[in-house]
Amino acid sequence: MSPKEVLEFAAKNDAKQLDLRFTDIPSLQHHVSYPIGELEVGSFEEGFGMDGSSIRGWAAIHESDMLLIPDPNTAFMDPFAETPTLVMYGDVKDPITKQRYERDPRWIARKAELYLKNTAIADTAFFGAEAEFFIFDNISFDQNQHSGFYFIDAEEGRWNSGRRENNLGYRPRYKEGYFPVPPTDHYQDLRSEMVQTMIKCGLNIECHHHEVATGGQCEIDQRFDELVKSADNMMLYKYVIRNVANRHGKTVTFMPKPLFQDNGSGMHCHQSLWKDGKPLFAGDGYAGLSQLALHYIGGLLKHARALSAIIAPTTNSYKRLVPGYEAPVNLAYSRRNRSAACRIPMYSASPKAKRVEFRPPDPAANPYLAFAAMLMAGMDGVINKIHPGEPLDKDIYDLSPEEMKSVPSMPGSLDEALHCLEEDHGFLMRGDVFTEELIETYIEYKRKNEAEAVRLRPHPYEFALYYDV
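The rules behind the values
Residues numbered from 1 in each chain as written. Predicted model: local features only at pLDDT ≥ 70, side-chain atom pairs only at ≥ 80, totals over all residues. Heavy atoms only, no water. Helix = DSSP H or I, 4+ residues; strand = E, 2+ residues; numbered from the N terminus. Rg over C-alpha atoms; globule rule 2.2 N^0.38 Å. Contact = heavy atoms within 4.5 Å. Areas by Shrake-Rupley, 256 points an atom, 1.4 Å probe, with all protein chains shown as cover. Lys, Arg positive; Asp, Glu negative; His and termini not counted. Charge placed at Lys NZ, Arg CZ, Asp CG, Glu CD. 1 Å grid on protein atoms, 1.4 Å probe; cavity = no way out; pocket = protein on both sides within 12 Å on 5 of 7 lines; lining within 4 Å. Points joined across faces, edges and corners; volume = space filled by probe spheres on them. Nonpolar A, V, L, I, M, F, W, Y, C, P; charged D, E, K, R; others polar. Buried < 20%, exposed > 50% of the residue type's maximum accessible area, 1.4 Å probe, protein only. Pairing = 2+ DSSP bridges. Disulfide = S-S within 2.5 Å. Axes fitted to C-alpha atoms, helices over the stretch in contact; angles between N-to-C directions. Parallel < 35°, antiparallel > 145°, perpendicular 65-115°, else oblique. Left-handed = near helix turned anticlockwise from the far one by under 90°. Expected span 1.5 Å × (residues − 1). Bend = angle between axes of the 7 residues up to and from the residue. Salt bridge = Lys/Arg side-chain N within 4 Å of Asp/Glu carboxyl O. Polar contact = N/O pair within 3.5 Å; in protein donor to acceptor, adjacent residues only side chain to side chain.

Enquirer: Please set out the overall build of the chain residue by residue, giving values where relevant.
Expert: In terms of regular secondary structure, the chain is built from 13 helices and 18 strands. Over its C-alpha atoms the chain spans a radius of gyration of 23 Å, differing by no more than 12% from the 23 Å that the globule rule assigns to 469 residues. On the principal axes, the C-alpha backbone points of the chain span a range of 65 × 60 × 45 Å. Long-range contacts, defined here as pairs at least 24 residues apart, represent 69% of the contacts in the chain between residues at least 6 apart. Carbon and sulfur atoms make up 51% of the accessible area of the chain, which totals about 21600 Å². With 51 positive and 67 negative side-chain charges, the chain shows a separation of 4 Å between the mean positions of the two kinds.

Written as structure tokens, this is what we have:
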């Protein structure tokens, strides 16, 4: 929509409030609201003032004044607000220079799109992300100087099979939750409501289903879109899922691995490049791929260990990225094989459907940063003609120790991932998409506030292991 059309859309829907949203570096969405009368055509140029110093990883207190500029292409009516509310995503600018703010994740994603066009190799990057999540009934957790715990309750949790009250059975066995019909799938109606709400907000949804884990693991698949739009859609996707669940007294988590000894949640990212409306990944090479697509895979695999700090950005991510739970720990590519980091889906022979599915990302990732970083890695492969090696069409988990030695793997911890990013980030800085200052800020924030914070605290299981030493 144009700014004028947004105002007409607001009037047609009797909007009383304007809600502007933006995303911080760790991926938490923030918002600020205004009476709708504050929104004028000029607002799309002049923006709204905000304090950036209280946002994680953003400005210092002495440079806190910023502008939030509404993007008219993101307008929708909030389906959860009691007062009719128009929502738009905002772009962050410096009020003095009027330049885009270099730590705004949405701007980094936009710069990645601009970089792609400037290469003249392609003009569009499509991303389709499949974010899995868990639906729980209750969650409690705490950590202080003398205690630490978490407790998860879920009506669909296998661990609740022995309880005597309100127990009708029908719970998926561990690692056997894929595609059961109701009543074993407890959340068909809840997911359907999520999907209908997403469609009402403008998202294009392809399917939804129960996932492999017990405890209410689900997946709703969106149709692919251009990079920035796909990242915007992922933020809206999470917002809708959390709020529909909350409305029904449920709670949703996008933590990669909330349950021990069951499958974790991934965010498999399907990606492809196009130019002048034509797909560039289709060809006569392996699995119907073009040489360009194979080089793109080569870039993803070469930089996967550095990417891991951005696409699997939590300490909890590396409890998912372990062998035995369908997690793509090993860096290889294959058609169909879901144990490879890069999979080439074979559902359709159409050139338009030819794509690469990168499986290591998880839904804790900031989609703006993650999609941008993956595109930059893939483009490094295309520009430098990085060969991905030989495909691996066996089940990686069935390989012998000798065969496994030749297959590189993802980092085993966030600490290791951050070190990999420190050592390998030049590919991210091409075209000034990521800046050295942003990468340093990101690594420092993650290391201090997450990796070291977890490492310094006693773990409950350590008491079981060591209390009697």
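Let's pick the thread back up.
Enquirer: I'd like a description of the layout of surface pockets, backed by residues and values.
Expert: For the second largest pocket, the calculated volume is near 790 Å³. By residue class, the composition of the lining of the second largest pocket is 13 nonpolar, twelve polar and 17 charged.

Enquirer: Run through the pairing of strand β4 (residues 65-70), naming residues and quoting values.
Expert: Strand residues, when the strand is regular, have side chains that alternate between the two faces of the sheet. When you tally the buried positions in β4, you get five out of six residues, the bulk of the element. Bridge count for β4 against strand β6 (residues 85-93) is four bridges, and the pairing is antiparallel. The residue of β6 that forms the bridge with L68 is V92.

Enquirer: Explain the environment of F48 residue by residue, including any values.
Expert: Mapped onto the elements of the fold, F48 is located in strand β3 (residues 48-51). Of the residues examined, F48 reaches a relative accessible area of 8% and is grouped as buried. Considering only alpha carbons, one finds F48 and P70, 22 residues apart in sequence, at a separation of 8.4 Å. Non-local contacts of F48, meaning those with residues more than four positions away in its chain, are made with L18, L20, Y34, E38, L39, S43, M66, L67, L68 and P70.

Enquirer: An account of the state of the cysteines is needed here, citing residue identities and associated values.
Expert: Applying the stated rule across the entire model yields zero disulfides. Looking at C269, it has no disulfide partner, and the nearest cysteine sulfur is the one in C342, 11 Å off. On the accessibility criterion, C269 (0% relative accessible area) is buried. Judged by its relative accessible area of 0%, C342 falls in the buried class.

Enquirer: Let's hear about the packing of helix α7 (residues 304-311) against helix α11 (residues 414-423): which residues, and what values?
Expert: As a packed pair, α7 and α11 sit with axes 7 Å apart at the nearest point and diverge in direction by 120°. Here α7 is positioned oblique relative to α11, judged by the angle of their axes. Every pair of crossing elements has a handedness; the one defined by α7 and α11 is left-handed. Taken together, the residues of α11 that come into contact with α7 (itself represented by R305, A306, S308, A309 and I310) are E416, A417, L418, C420 and L421. Here the residues of the contact of α7 with α11 sort into seven nonpolar, one polar and two charged.

Enquirer: Now, about helix α12 (residues 436-455): what can you tell me, with residues and values included?
Expert: Compared with the 28 Å implied by 1.5 Å per residue over 20 residues, the 26 Å span of α12 between its first and last C-alpha is a close match. At R447, α12 shows its largest bend, some 40°. For α12, the set of buried residues is L438, I439, T441, Y442, I443, Y445, K446, E450, A451 and A453. Contacts made by the buried residues of α12 are with α3 (105-119), α7, α9 (367-383) and α11.

Enquirer: Got a sec to walk through the pattern of salt bridges? Specific residues and values, please.
Expert: Summed over the entire model, instances satisfying the criterion amount to 21 salt bridges. Of the charged contacts in the structure, one is a salt bridge between E437 and R103, with a shortest N-O distance of 2.1 Å. Taken as a pair, E437 in helix α12 and R103 in the loop between β6 and α3 lie far apart in primary sequence, 334 residues in all. By relative accessible area, which is 37% here, E437 ends up partly exposed. Of the charged contacts, one joins K250 and E155 as a salt bridge, the two residues approaching to 2.7 Å between their closest N and O atoms. Highlighted residues: K250 in the loop between α5 (227-247) and β13 (251-253) and E155 in the loop between β9 (148-153) and α4 (188-200), separated in sequence by 95 residues. K250 sits in the buried class, given a relative accessible area of 13%. By relative accessible area, E155 is classed as partly exposed at 26%. Connected via shared salt-bridge partners are D71, D91, R100, R106 and D232.

Enquirer: How would you explain the side chain of H270 if you had to name every residue and give the values?
Expert: Turning to its location among the elements, H270 is positioned in strand β14 (residues 267-275). The class of H270 is buried, set by a relative accessible area of 8%. A distance of 2.9 Å separates polar atoms of two side chains, one belonging to H270 and the other to E130. Looking at H270, its side chain comes within polar contact range of the side chain of R355, at 2.8 Å. Sequence-distant contacts of H270, that is, excluding residues within four places in its chain, are made with F126, F127, G128, E130, R343, P345, R355, V356 and E357.

Enquirer: Provide a residue-level description of the pairing of β14, including the pertinent values.
Expert: Counting buried positions along β14 gives eight out of nine residues, so the element sits mostly inside the fold. Note: strand β7 (residues 124-136) against β14, eight bridges, orientation antiparallel. Bridge pairing in β14 places A125 opposite L273. For β14 and strand β18 (residues 356-358), the ladder comprises three bridges, and the chain directions are antiparallel. The residue bridging H270 from the neighbouring strand is E357, located in β18. Relative to strand β15 (residues 278-279), β14 is paired through two bridges, and the arrangement is antiparallel.

Purely geometric numbers; function is a separate question.
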